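Geometric and topological summary
Residue-level listing of the chains:
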Amino acid sequence: MPDGGAGTDPAALLALTAEIVACRRCPRLVAWRELVAREKVARFRDEEYWGRPLPGFGDADGRILIIGLAPAAHGGNRTGRVFTGDASGDFLWPALYRAGLADRPVSRRADDGLALTDVYIAAAVRCAPPANKPTILERDTCAPFLVREMALLASVRVVLALGAFGWDAALRAMAGAGQVAGPGGKPRFGHGAEARVGPYVLVGSYHPSQQNTFTGRLTATMFDAVIARAVELARTKAAARRPE
Ligand code: SF4
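We now turn to the structure provided with this report. (Residues numbered from 1 in each chain as written. Predicted model: local features only at pLDDT ≥ 70, side-chain atom pairs only at ≥ 80, totals over all residues.)

Our focus in this paragraph is the site of the ligand. The local shell around the ligand holds 14 residues, among which Cys23, Cys26, Pro53, Cys127 and Cys142 are the closest. Breaking the shell around the ligand down by element, the ones donating at least two residues are helix H2 (27–39) and helix H5 (136–152). With 3 residues, the top contributor of residues to the shell around the ligand is H5. (Near = placed C-beta within 6 Å. Helix = DSSP H or I, 4+ residues; strand = E, 2+ residues; numbered from the N terminus.)

Structure representation (C-alpha cells):
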C-alpha cells in the first residue's frame, strides 16, 4: 500500500466486481453485448466472447486510477478485461510499461498474467455500446459503479481520465462522493489539463482510440508525458492524501 492508509478491502472490491459482472440494468446494452458475443467477427470466430460487463482491473492499492469510456465490442467485450485485445489497449499497455506501471508491453488476453503496479483501470460504462456511444440514461445508470469503486480504492490520489467522456465521468463520480472542484466552475477537459477535486488530482488525456492515435492527435510522446505527470503527482505531496 503506497501511503500507509487503510488500504482497499479486497472482499468488498470482489463483491462489487461480482455485482458489476452480473448487471443487466441497461436492456439495449445487454442485447448488444450478447449479440456481438454470439455473432463475433471473422478474425475471432473461434474465440469464446466474454459478452458481459467489465469490472475494473489492476493494483487495488494503486495511487492512480485510469478511467476510460466503455469496452470495445471485440476488445474487452471479447476478452473480459478492460483495454485488452483492442487497438486502444495496444497503445495503452506499452505506455504503461514504459512508465513502469505494467510488467509487459502487450496484452491481448485476460489470462496472460499481466500485472499492474500503482495503477487501476476502470470504464465509465461497463458494457460495450453500439458505435461506442452509450445513451445518457445508460451512462447515468452505470455511474454508481464508478462511485462505489472509487470509494473502495482507498489509495487513489490521481485520476487520469481518457477523453472528455472519462473526464466528465470522473467529475460526476467525485461529485457523487461529495467531492467537487473549487471555485471557477466545472474544470475543462484538455490533454494535460489538471484539476484538484477534493483529495484527488484529475488529469486529462486524449483517449488512445484509433481515431486519435492513427491521426496523430495523440502520439506516444504525448501519452508518455501525461502518464509521467500522473506518476509524478501520485508520488509527491502534490496530491493530497485521502482522509482516513
Ligand atoms: S452499462 Fe453498467 S449499468 Fe448498464 S448493464 Fe452494463 S454494467 Fe449494468
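Now, onward.
Once that is clear, we can look at H5. With 17 residues, H5 should cover 24 Å at 1.5 Å per step; its first-to-last C-alpha distance of 25 Å lies within 8% of that length. Most pronounced at Cys142, the bend in H5 amounts to some 30°, and the proline Pro144 follows within four residues. Within the sequence span of H5, burial applies to Glu138, Arg139, Cys142, Phe145, Leu146, Glu149 and Met150. Lining the buried residues of H5 we find helix H1 (10–21), H2, strand E2 (64–68), strand E3 (119–123) and helix H6 (163–176). (Expected span 1.5 Å × (residues − 1). Bend = angle between axes of the 7 residues up to and from the residue. Buried ≥ 20, exposed ≤ 12 C-beta atoms within 10 Å, placed from the backbone. Contact = placed C-beta atoms within 7 Å.)

The next point concerns the sheet that holds strand E6 (residues 200–205). With respect to topology, 6 strands assemble into an open sheet ordered E1-E3-E2-E4-E6-E5, the strand pairing being mixed. The sheet is open, and its two borders are formed by strand E1 (57–58) and strand E5 (194–197), each paired with just one other strand. One ladder, built from 5 bridges, connects strand E4 (residues 158–162) with E6; its direction is parallel. Each residue of the ladder has a partner; that of Val159, found in E6, is Leu202. Sheet strands touched by H6: E2, E4, E5 and E6. Its angle to E4, the strand with the most contacts, is close to 140°. (Pairing = 2+ DSSP bridges. Axes fitted to C-alpha atoms, helices over the stretch in contact; angles between N-to-C directions.)

Its 16 residues give helix H8 (residues 220–235) an end-to-end C-alpha distance of 22 Å, which sits within 8% of 22 Å, the value for a rise of 1.5 Å per residue. When we look at burial in H8, the residues that qualify are Phe223, Val226, Ile227, Ala230, Leu233 and Ala234. Each buried residue of H8 lies within a common arc of 120° when the element is viewed along its axis, so the set occupies one face. Residues of H8 that are exposed and point more than 90 degrees away from the buried face comprise Thr221 and Glu232. Looking at the buried residues of H8, the elements they touch are E2, helix H4 (87–98), E4 and E6. (Arc of directions from axis to C-beta.)

This next bit is on the pairing of E5. Of the pairings in the sheet, the one linking E5 to E6 comprises 4 bridges and is antiparallel in character. Bridging from a neighbouring strand, Val197 pairs with Tyr200 of E6. Hairpin connection of E5 to E6: 2 residues between the antiparallel strands, including Gly198 at a positive phi of 55°.

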